[in-house]
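Notes for the structure review
Single-letter residue listing:
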Amino acid sequence: MGEITERRMMKAAVVDKFKQQLEIKEVPVPSLEYGEVLVKIKACGVCHTDLHAAHGDWPVKPKLPLIPGHEGVGIVKEIGEGVTSIKVGDRVGIPWLYSACGECEYCLTGRETLCPDQLNAGYSVDGGYAEYCKAPANYVVKIPEHLDFAEVSPIFCAGVTTYKALKVAEAKAGDWVAIYGIGGLGHVALQYAKAMGYNVIAVDIMEDKLELAKSLGADLTVNGLEVDPVQEIKEKVGGVQAAISVAVTKKAFEQAYGSVKRGGTLVVVGLPNDELPIPIFDTVLNGVTVKGSIVGTRKDLQESIEFAAQGKVRTNIEVQPLDKINDVFERMANGKINGRVVLTMA
Ligand code: NAD
Ligand code: ZN
Ligand code: ZN
């Protein structure tokens, strides 16, 4: 089986150099090692993280050449030696948390996303912008039968990440929560927030995204280019118990911090390569908590998929063929995507 796999070729979108166009090319189908499964990718969402990866934006660089993608979902076509939890034909997805060590203090205490020895799909190992992707059987997460591949794909990062961010924000039902940045992450964040019983304020700088936010149930929308969101939020609701910043600009983080009320929490999720200066006096006197939050565990992912399975969260997707990735990245850089673009491999 291994030999056949090695000789087979597949189409993939590959980053060869930072800040250059991805190349669509034929590369070998990955061959399986112990405990791994081979997934025929049906759909893979385009996360802003993939654009950061292709640009080499962050202090820790991805491998090169790289096949990006950490929202890859599809059908298991082969299983490697030692695999017992997954069988051929299973519907699974391969998230950012590609694998972790399973033995460190973080893995042992349900905090596997903090494992120092983790691998990340579409960053330190090849991901889902390809016809096939392999992954350790123990870290793929199963998808219920009735969920459409393209629709569920963004849950594997945008969904689980924002669901987890809301969990660590520790607001309670009835509290006001602000989501800064109604993009791929933000448009599902606000739905999780509604489903968790919060009152939700959606902040963005583009009117079409705020329209989407309204249609998805936001209680209040604020255009950060037209008004000062901090003033608006303080005036209308007296500040929020939690603000989640999933925008890619420093300004949004400063405003998100400013809109938190006494005793509230700012959850930092978006990843502009920048700094967030925080006033010490206000943070102390107002008892404000600032938390970083990175994706979610396999359990968080199962829970976030369940919200989608029950119809409580719906992704607003636009399906595009893999070949269109460079156009999609350009539109993403210019804020011209409403919801999430999902690539299909057919
Ligand atoms: P996206 O491009 O789809 O969305 C970004 C949104 O922010 C857009 O709607 C844009 O209009 C909005 N925005 C820009 N400036 C703004 C401002 N000043 N105020 C309010 N909104 C503003 O990106 P995405 O895929 O949702 O990813 C967002 C960020 O989250 C990226 O930096 C990505 O790398 C990061 N991310 C982090 C994690 C994590 O685990 N922490 C996981 C996934 C993605
Ligand atoms: Zn992502
Ligand atoms: Zn570990």
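Please read these numbers as outputs of a predicted model, since none were measured by experiment. (Residues numbered from 1 in each chain as written. Chains lettered and ligands numbered in written order. Predicted model: local features only at pLDDT ≥ 70, side-chain atom pairs only at ≥ 80, totals over all residues. Heavy atoms only, no water.)

Focus on the domain arrangement of the protein
The line we're drawing: Start and end points for every domain follow an automatic or database-based domain assignment. Whether two residues touch is decided by their heavy atoms; if any such pair falls within 4.5 Å, the residues are in contact. Accessible area that two parts lose when put together, with a 1.4 Å probe and added across both, is what the buried area reports. A pair is scored as a salt bridge if a Lys or Arg side-chain nitrogen falls within 4 Å of a carboxyl oxygen belonging to Asp or Glu. Numbered from the N terminus, helices here are DSSP runs of H or I no shorter than four residues, and strands are runs of E no shorter than two. Each residue gets one of three labels, nonpolar for Ala, Val, Leu, Ile, Met, Phe, Trp, Tyr, Cys and Pro, charged for Asp, Glu, Lys and Arg, and polar for the others, Gly among them.
When the domains of the protein are assigned, the result is domain 1 (2-157 + 296-344) and domain 2 (159-292). For domain 1 and domain 2, the distance between their C-alpha centres works out to 27 Å. On the side of domain 2, 21 residues touch domain 1, which itself brings 28 residues to the contact. The contact between domain 1 and domain 2 buries some 2,100 Å² in all, and 56% of this surface belongs to carbon and sulfur atoms. The tally of links between domain 1 and domain 2 comes to three salt bridges. Every element with two or more residues in the side of domain 1 that touches domain 2 is listed here: α2 (48-55) and α11 (298-309). Here the side of domain 1 that touches domain 2 takes five residues from α11, the largest share from any one element. For the side of domain 1 that touches domain 2, the residue count by class is eleven nonpolar, eleven polar and six charged.

Overview of the coordination of the zinc ion (ligand 2)
Put simply, the rule reads: Distances decide who is a donor: an N, O or S atom must be within 2.8 Å of the metal, or within 3.2 Å for Na, K and Ca. Water is not included, so sites may look incomplete. A 1.4 Å probe rolled over the protein chains alone gives each residue an accessible area, and that area as a share of the maximum for its type sets the label: buried under 20%, exposed over 50%, partly exposed in between.
Coordination sphere of the zinc ion (ligand 2), protein contribution only: Cys47 (SG), His70 (NE2) and Cys157 (SG), at 1.9 to 2.3 Å. Linear spacing of the donor residues for the zinc ion (ligand 2) on their chain is C-x22-H-x86-C. Note that cysteine 47 is positioned in the loop between β3 (36-45) and α2 and cysteine 157 in the loop between α4 (149-152) and α5 (158-169), a separation of 110 residues in sequence. Judged by its relative accessible area of 5%, cysteine 157 falls in the buried class.

Quick notes on the packing of α5 against α11
To keep it simple, the criterion reads: Think of each axis as a best-fit line through the C-alpha atoms, taken over the contacting stretch in the case of a helix, with angles from 0 to 180 degrees between the N-to-C directions. Roughly parallel means an angle under 35 degrees; roughly antiparallel, over 145; roughly perpendicular, 65 to 115; everything else is oblique.
For the pair α5 and α11, interaxial distance at closest approach is 9 Å and the crossing angle is 105°. Relative to α11, the element α5 lies roughly perpendicular. For the pair formed by α5 and α11, the contact residues are Gly159, Val160, Tyr163, Lys164 and Lys167 on the first element and Asp300, Leu301, Glu303, Ser304 and Phe307 on the second. Class assignment of the residues belonging to the contact of α5 with α11 gives a composition of four nonpolar, two polar and four charged.

As for the coordination of the zinc ion (ligand 3)
Defined as follows: Every geometry call rests on angle ranges, with four donors termed tetrahedral when all angles are between 85 and 135 degrees, four termed square planar and six termed octahedral when opposite donors are over 155 degrees apart and all others are between 65 and 115, and everything else termed irregular.
Within the protein, Cys101 (SG), Cys104 (SG), Cys107 (SG) and Cys115 (SG) serve as the donor atoms for the zinc ion (ligand 3), at 2.3 to 2.4 Å. Coordination geometry of the zinc ion (ligand 3): the four donor atoms subtend angles of 106 to 115° at the metal centre, consistent with an arrangement described as tetrahedral. Taken in chain order, the donor set of the zinc ion (ligand 3) reads C-x2-C-x2-C-x7-C. One end of the pair, cysteine 104, is in the loop between β6 (97-99) and α3 (105-108); the other, cysteine 115, is in the loop between α3 and β7 (119-120), with eleven residues separating them in the sequence. Exposure class is identical for cysteine 104 and cysteine 115. Each is buried.

Examining the sheet that holds strand β12 (residues 220-223)
Under the convention used in this document: Strands are labelled as partners when DSSP assigns at least two bridges between them.
The strand order β12-β11-β10-β13-β14-β15 describes an open sheet built from six strands, whose pairing is parallel. Either end of the sheet is taken by a strand with one partner, and the two such strands are β12 and β15 (289-292). Going from strand to strand, the sheet's axes swing by 20° on average, the running direction of each strand aside. Bridge analysis of strand β13 (residues 240-245) against strand β14 (residues 260-268) gives five bridges, and the strand direction is parallel. In the sheet register, isoleucine 244 faces β14, and the bridge partner there is valine 267.

Topic: a nonpolar patch on the surface
What counts here: Patch membership is restricted to residues that have no salt bridge and whose relative accessible area is over 30%. Joining uses 9 Å for like charges and 5 Å for the nonpolar side chains Val, Leu, Ile, Met, Phe, Trp and Tyr. Only the protein chains shown count as covering a residue, and every accessible area follows the Shrake-Rupley method with a 1.4 Å probe.
A surface patch of nonpolar side chains, about 470 Å² in accessible area, is lined by Ile280, Phe281, Val284 and Leu285. You can see valine 284 is positioned in helix α10 (residues 280-285). Accessibility expressed as a relative area gives 58% for valine 284, which makes it exposed.

Brief notes about the site of ligand 1
Definition in use: For each residue, the test is whether any non-hydrogen atom lies within 4 Å of the molecule or strand; if one does, the residue is near. By the criterion applied in these results, polar contacts are pairs of N or O atoms within 3.5 Å in which, for protein atoms, one can donate a hydrogen and the other can accept it, and in which residues neighboring in sequence qualify only through two side-chain atoms.
By nearness alone, 28 residues border ligand 1, and His48, Thr49, Asp204, Val295 and Arg340 come closest of all. At 3.0 Å, a backbone N or O of valine 269 approaches a nitrogen atom of ligand 1. Isolated, ligand 1 exposes 870 Å² of accessible area, and the fraction of that covered by the protein chains is 94%. Elements with a contribution of two residues or more to the shell around ligand 1: α2 and β11 (199-204). Tallied by class, residues from the shell around ligand 1 come to 15 nonpolar, ten polar and three charged.

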